[in-house]
Each structure stands twice: as structure tokens, then as C-alpha cells.
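Report on the structure
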Amino acid sequence: MSGPNTDFDPVEVAAVSPAELEAARDAALAAIAAAPDLEALKAVRSEHAGDRSPLALANREIGALPPQARKEAGQRIGQARGAVNQALAARQAVLEVENEARILVEEAVDVTLPTDRDPVGARHPLTTGAELIADIFVAMGWEVAEGPVIEAEWLNFDALNLGPDHPARTMQDTFWTAPADNHLVLRTHTSPVQARTMLARGVTDEAPIYVVCPGRVFRTDEYDATHSPMFHQVEGLAIDKDISMAHLKGTLDHFAAQMFGDGITTRFRPSYFPFTEPSAEVDLICFVCRGVDSDACRTCRGEGWIEWGGCGIVNPRVLQACGIDSSKYSGFAFGMGIDRTLMFRHGLEDLRTLFEGDVRFTTAFGSEL
Ligand code: PHE
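Residues numbered from 1 in each chain as written. Predicted model: local features only at pLDDT ≥ 70, side-chain atom pairs only at ≥ 80, totals over all residues. Heavy atoms only, no water.

A look at helix α8 (residues 245–260)
The terminal C-alpha atoms of α8, which comprises 16 residues, lie 22 Å apart, in line with the 22 Å expected from a rise of 1.5 Å per residue. Listing the buried residues of α8 in full gives Leu248, Thr251, Leu252, Asp253, Phe255, Ala256, Met259 and Phe260. In the core, the buried residues of α8 are packed alongside α5 (125–138), β7 (266–273), β8 (276–285), β9 (305–314), β10 (330–337) and α10 (338–346). Where α8 starts, the residue carrying a side-chain oxygen 3.1 Å from the main-chain nitrogen of alanine 246 turns out to be serine 244. A positive phi of about 115° marks glycine 261, the residue just after α8. (Helix = DSSP H or I, 4+ residues; strand = E, 2+ residues; numbered from the N terminus. Expected span 1.5 Å × (residues − 1). Buried < 20%, exposed > 50% of the residue type's maximum accessible area, 1.4 Å probe, protein only. Contact = heavy atoms within 4.5 Å. Polar contact = N/O pair within 3.5 Å; in protein donor to acceptor, adjacent residues only side chain to side chain.)

Observations regarding the pattern of salt bridges
Per the counting criterion, the structure on display carries 13 salt bridges. The residue arginine 298 makes a salt bridge to glutamate 349 at a minimum N-O spacing of 4.0 Å. One end of the pair, arginine 298, is in the loop between β8 and β9; the other, glutamate 349, is in the loop between α10 and α11 (359–366), with 51 residues separating them in the sequence. Judged by its relative accessible area of 55%, glutamate 349 is exposed. Among the ionic pairs, aspartate 358 bridges to arginine 360, the shortest N-O distance being 2.7 Å. Residues joined in a network through salt bridges with shared partners are Arg267, Arg269 and Asp283. (Salt bridge = Lys/Arg side-chain N within 4 Å of Asp/Glu carboxyl O.)

Quick notes on the sheet that holds strand β4 (residues 184–186)
Reading across from one edge, β2-β4-β3 is the order of the three strands in this open sheet, with antiparallel pairing throughout. The open sheet is flanked by β2 (150–152) and β3 (175–176), the only strands paired with a single partner. Bridge count for β3 against β4 is two bridges, and the pairing is antiparallel. Looking at the pairing, phenylalanine 175 lines up with leucine 186 of β4. (Pairing = 2+ DSSP bridges.)

A closer look at the nonpolar core
In terms of nonpolar packing, the biggest core is built from 41 residues, with Phe255, Trp308 and Phe334 touching the most fellow members. Put simply, the parts of the chain that give this core at least two residues each are α5, β6 (230–240), α8, β8, β9, β10 and α10. Broken down by element, this core gets its largest block of residues, six residues, from α8. In terms of nonpolar packing, the next biggest core, distinct from the first, is built from 26 residues, Ala159, Leu162, Val185 and Ala333 among them. (Core = buried A, V, L, I, M, F, W, Y, C linked by side-chain atoms within 4.5 Å.)

Some thoughts on the state of the cysteines
Tallying each qualifying case throughout the model produces zero disulfides. Here cysteine 297 stays unpaired: no disulfide links it, and the sulfur of cysteine 286, its closest cysteine neighbor, is 3.7 Å away. (Disulfide = S-S within 2.5 Å.)

Digging into the domain arrangement of the chain
Assigned domains within the chain: domain 1 (14–106) and domain 2 (125–363). Each of domain 1 and domain 2 has a C-alpha centre, and these two points are 90 Å apart. (Domains from an automatic or database assignment.)

What to know about the packing of aromatic side chains
Inspection of every chain in the model, using the stated rule, returns 15 aromatic pairs. An angle of 75° between the planes, with centres 5.9 Å apart, marks the rings of phenylalanine 260 and tryptophan 308 as edge-to-face. Taken as a pair, phenylalanine 260 in helix α8 and tryptophan 308 in strand β9 lie far apart in primary sequence, 48 residues in all. Residue phenylalanine 260 is classed as buried on the basis of its relative accessible area of 11%. Since its relative accessible area comes to 3%, tryptophan 308 is described here as buried. Among the aromatic side chains, those forming a connected cluster through ring pairs are Phe137, Trp142, Tyr210, Phe255, Phe260, Phe287, Trp308, Phe332, Phe334 and Phe344. Over the face of the ring belonging to phenylalanine 268 we find lysine 249, whose NZ or CZ atom lies 5.9 Å from the ring centre. Directly above the aromatic system of tyrosine 223 lies the positively charged group of arginine 352, at a separation of 6.0 Å from the ring centroid. (Phe/Tyr/Trp six-rings, centres within 6.5 Å; stacked < 30°, edge-to-face > 60°. Lys NZ or Arg CZ within 6 Å of the ring centre and 35° of its normal.)

Encoded structure:
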């Protein structure tokens, strides 16, 4: 007669015998401890704790055991599996921390390493400076005008009331071109662009002239810290009805404030230019010391003011030479050195740094203005 097999010893059932379970658990723990990284641990998990692992198989055997053996076998298997799962979780945590630390080291960026990118370079400060000046006037509705650097003697001098025998011709140390009878000069100032504009455009009530003319000019000067045979000027010309010295002063004050900051104004000192009458030298209140305690100021060297350029009311003789009705229209003109302006604006000691093409200078001063 068959009945419950009370003599059954679960310890003897192969898959769930303590020895087998211990062996399976120890093998699992050893493999877990030896897993070098998360990838390996994943394989270990599937082999030792997955559906087909010895411990999972043992677990499935429980149902086949006689009822009185199941509890003890279940406990033993449960403990073994618990130990394995705990070890897996602990190893997983350790490997994750290791992995993160490794990624931090491997993917670290050394921001102090020299870059191998080509330097971007910068635009020359004279280019950006001339553009800044032009922008200030374009914002007021002025136009930008240009002329050739090899200029007709007549436009550089005669049209501007500097006749052949005018003593002021010698003030402008002119480069003449050969042969002498071609009457071409390297322009000594940007003022011939005034004459060109008036001759080309004329003026009407509807189309007055407001032009700003930046450009390169030439004089037979030495090349030293404050002189150069080639330099840059910016010229302004306004021809309209009832133009007065007040318009000129207001325009230059606005120009100064835009270039050097609010509150920087100009003053006029009487002067002489053949093409303007009256004429004035323009000074700029020192934008560093603003005229206060200027003795120690390195920018204006104690003056409180910085010489900036020349200006005046366009001489009616110039208007007439350029085909403008001087009984109906009047105008003002001004001219200043761009290089000089940049020198004191940036505190440059030597004019030559502007011309020598050192990229370190260009990068330092050309990126910002
Ligand atoms: N052309 C003059 C110079 O080069 C500057 C100037 C321009 C003066 C316009 C008055 C009016 O010195």
C-alpha cells in the first residue's frame, strides 16, 4: 500500500542537496566577486541567478518534493538565492561607482590644453575704427563717400581754394607723381572728396549733401612714433540751407560723445584753412580725466583737452569752384586723423604699431572698439 513516504530524506535529493546548493551558491558568489565590470556582471547574473541557473532549477524542484520536505528545501534554496541576489546588488553598486569614476577620468576635458584650431584672427583696428566712425554718421542719415588716393592736383588743391601760389600749399608736404605735367598727387587730405561729391552730386533743397569720407592720405613725413608718410583721415561735409557754426559744433559734439562717451564735448580754437572761413581747430575734452586734475593724466598730458582735427564753414569760393550756388547754400566741413584718434582712444604710444601688421596687435585691438 502506498502512503506518504515519511522516510524520504530531502537532503538526499540531488538538485536540492545542501552540498549541491552550497556549491551552486559558492560558484555564484565567486563569479560575482570576480566580475570585473558591469558587462561581465550581467553575464554572471544570467548564469547564476537567471531562469536556467542551478538555483532556479533547484527552486523548481521543490514542487516535486514530498510535502514534508518542501519547507526545509525551500528555506535552504531561498537563503542561497538571497545570498546570491544580495551579492549581485552589492557588486552592481560597487561597479557602478567604479564605472562613473572611470568615465569621469576617461572623458575629462583639460581646458588648459593648447587648442589646435587655427586662430580666428581679427579685423584691423583701422578698418573697424573707420567703420565705427562711418556708422555714427550713417545713423544720422549721412552717406559715406570715397575717392581715389591718386588725385588730381586741381581737386586736392585748386578746387579747395589752394591756388598754385597759395602759401598754404607748402603746409602740405606733397608727394607728386612723375611726370610733373600729369598734375597728379597722392592726396594729402580727404578734402578732395568734398569737391568730388559737390561736383558729382550738386545740391538741391530736396537733396542736400551730408557725407562722411574716411580714407588713406599721404604726406612726405618721416616714419616715426608720431608721423607716417601714409595715414588715415575722416572728412565730413554738410551742404544745406542756412548751415551755421552751431550745426558744426552740435555735430562734432555728438560725434565725440558717440566715440568717447556721454559728456565728452569739443571746443573750437580759431585757425586757418583756405577751404573754410571761419576755421577752427577742434579739441576734445579729455575722455580720461574730463579736465579734472589733468596734471597727472597721461592721455591729455596735463592739457585737459586733446587736439582732434580741423573744421569750419565751407569757404564760398570752394562752393563756387564746385558748382554750388553760394548765395543759396552754405556748409560746414571737418577733418581728423583716424590713426591719431585710435592712438589716444586706445592709449597707443607708437603710431607704427598700427601699420606693422603684427597679429597680436590686431587681435588685441581689432576685436573690440
Ligand atoms: N583737410 C584738413 C587737413 O588735412 C582738415 C580739414 C578738413 C579742415 C575740413 C577743415 C575742414 O588738415
